[in-house]
Amino acid sequence: MEKADRRFSVVRNRGGIVREQPLVWREEVSPGDKESVHRICELSGFFSAEEVDMAVELVEERLAKGVASGYHFLFAQHGDTVLGFACYGPIAGTESSWDLYWMAVEEKRRGQGLGRKLAAEVERRTRLFGGRRLYAWTSSRDQYHPTRKFYERLGYSHEATLRDYYKPGEHLVIYVKQLPGTPHSP
Ligand SMILES: CC(C)(COP(=O)(O)OP(=O)(O)OC[C@H]1O[C@@H](n2cnc3c(N)ncnc32)[C@H](O)[C@@H]1OP(=O)(O)O)[C@@H](O)C(=O)NCCC(=O)NCCS
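These remarks concern the structure in this document. (Residues numbered from 1 in each chain as written. Predicted model: local features only at pLDDT ≥ 70, side-chain atom pairs only at ≥ 80, totals over all residues. Heavy atoms only, no water.)

1. Considerations on the overall build of the protein
And step 1. Of regular secondary structure, the protein possesses 4 helices and 10 strands.
And step 2. The secondary structure elements of the protein, listed N-terminal to C-terminal, are β-β-β-β-α-α-β-β-β-α-β-α-β-β.
And step 3. Within the protein, counting contacts between residues at least 6 apart in sequence, those at least 24 apart form 58% of the total.
And step 4. Of the accessible surface of the protein, which amounts to about 10400 Å², a share of 51% is contributed by carbon and sulfur atoms. (Helix = DSSP H or I, 4+ residues; strand = E, 2+ residues; numbered from the N terminus. Contact = heavy atoms within 4.5 Å. Areas by Shrake-Rupley, 256 points an atom, 1.4 Å probe, with all protein chains shown as cover.)

Pasting the structure below:
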């Protein structure tokens, strides 16, 4: 477990002020994360059963091979409850390009700023690892309009569209964010 974010300890909703546990970041991956990732992805309504399985496989790969898997995870949680996660890592064969493979926030927590915090933490950690460009892939499907808006709001720029990549009429949309200098090369 890492630092707590006290700004999340009190939130407002329609009923007034609700006290919540502080937000905690965790990088270590444990077998229980298979369930957390499955739950968040399945309930998101965004991913097919096959895609949910793919997200869980990333956890399994990381558990089996450690950092050598190339998959870094970041979990945002209250107590033991995972609220959101990201999976990211270096792109093999590149000098300092990294991929944001997966990111999801619990359906009921969306739109409350957690995704922005999660992405900022991923970007900070990527920079510390020496990553300079962070790529995010998404789909052109209408359902992913909010996801595309999310990346744009966070300063990711549209780098490319690969037409009909997923299937005829569904394109791959690639975003990239140029990260500020690392401590090694300011
Ligand atoms: C994409 C996702 C991670 C964003 O997390 P989130 O917690 O909902 O996002 P935030 O509340 O932090 O929003 C961050 C910014 O994106 C914008 N944004 C978020 N949802 C938006 C929407 N539906 N339409 C327009 N803008 C949106 C917000 O306005 C906010 O900008 P601001 O801080 O300048 O106001 C989350 O919605 C999610 O899990 N989506 C389903 C899975 C997915 O698409 N994952 C990414 C591809 S793998």
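Let us keep going from here.
2. Concerning the site of the ligand
And step 1. Looking at the ligand, there are 20 residues lining it, with M103, G115, R116, T147 and R153 nearest.
And step 2. Q112 has a polar backbone atom sitting 3.2 Å from an oxygen atom of the ligand.
And step 3. When isolated, the ligand has an accessible area of 920 Å², and the protein chains bury 77% of it.
And step 4. Elements with a minimum of two residues in the shell around the ligand: β7 (97-105), α3 (114-128) and α4 (145-153).
And step 5. Top element by residues in the shell around the ligand is α4. It accounts for 6 residues. (Near = heavy atom within 4 Å. Polar contact = N/O pair within 3.5 Å; in protein donor to acceptor, adjacent residues only side chain to side chain.)

3. With respect to the nonpolar core
And step 1. L100, M103, L118, V122, L134, Y151 and Y156 are the most contacted members of the largest nonpolar core, which totals 23 residues.
And step 2. Going through the elements one at a time, β4 (23-26), β5 (72-78), β6 (81-90), β7, α3, β8 (133-139) and β10 (170-178) are the ones with two or more residues in this core.
And step 3. In this view, L100 contacts A86, C87, Y88, V122, L134, Y135, A136, Y151 and Y156; residues no more than four positions away in its chain are not counted.
And step 4. One finds F46, V56, L58 and Y144 within the second-largest nonpolar core, a separate group that totals 20 residues. (Core = buried A, V, L, I, M, F, W, Y, C linked by side-chain atoms within 4.5 Å. Buried < 20%, exposed > 50% of the residue type's maximum accessible area, 1.4 Å probe, protein only.)

4. A short note on the pattern of salt bridges
And step 1. Scanning the entire structure with this criterion turns up 12 salt bridges.
And step 2. Residue R125 pairs with E27 through a salt bridge whose shortest N-O separation is 2.8 Å. Pair noted here: R125 is in helix α3 and E27 is in the loop between β4 and α1 (33-44), with a separation of 98 residues, a long-range link.
And step 3. A residue is classified by how much of its surface remains accessible, and R125, at 5% relative accessible area, is buried.
And step 4. A relative accessible area of 27% means that E27 is categorised as partly exposed.
And step 5. Salt-bridge contacts for K177 lead to E123; the nearest nitrogen and oxygen are separated by 3.1 Å. Placement of the pair is K177 in strand β10 and E123 in helix α3, with a sequence separation of 54 residues. (Salt bridge = Lys/Arg side-chain N within 4 Å of Asp/Glu carboxyl O.)

5. A word on the pairing of strand β9 (residues 157-167)
And step 1. In this sheet, β10 lies alongside β9 in antiparallel orientation, the contact comprising 6 bridges. Bridge assignment links H158 to a residue of β10, and that residue is Y175.
And step 2. In sequence, β9 turns back onto β10 through a hairpin of 2 residues, with G169 there showing a positive phi of about 90 degrees. (Pairing = 2+ DSSP bridges.)

6. So, the side chain of S140
And step 1. Within the secondary structure, S140 sits in the loop between β8 and α4.
And step 2. With residues up to four places along the chain from it excluded, the contact list for S140 reads R148, G169, E170, H171 and V173.

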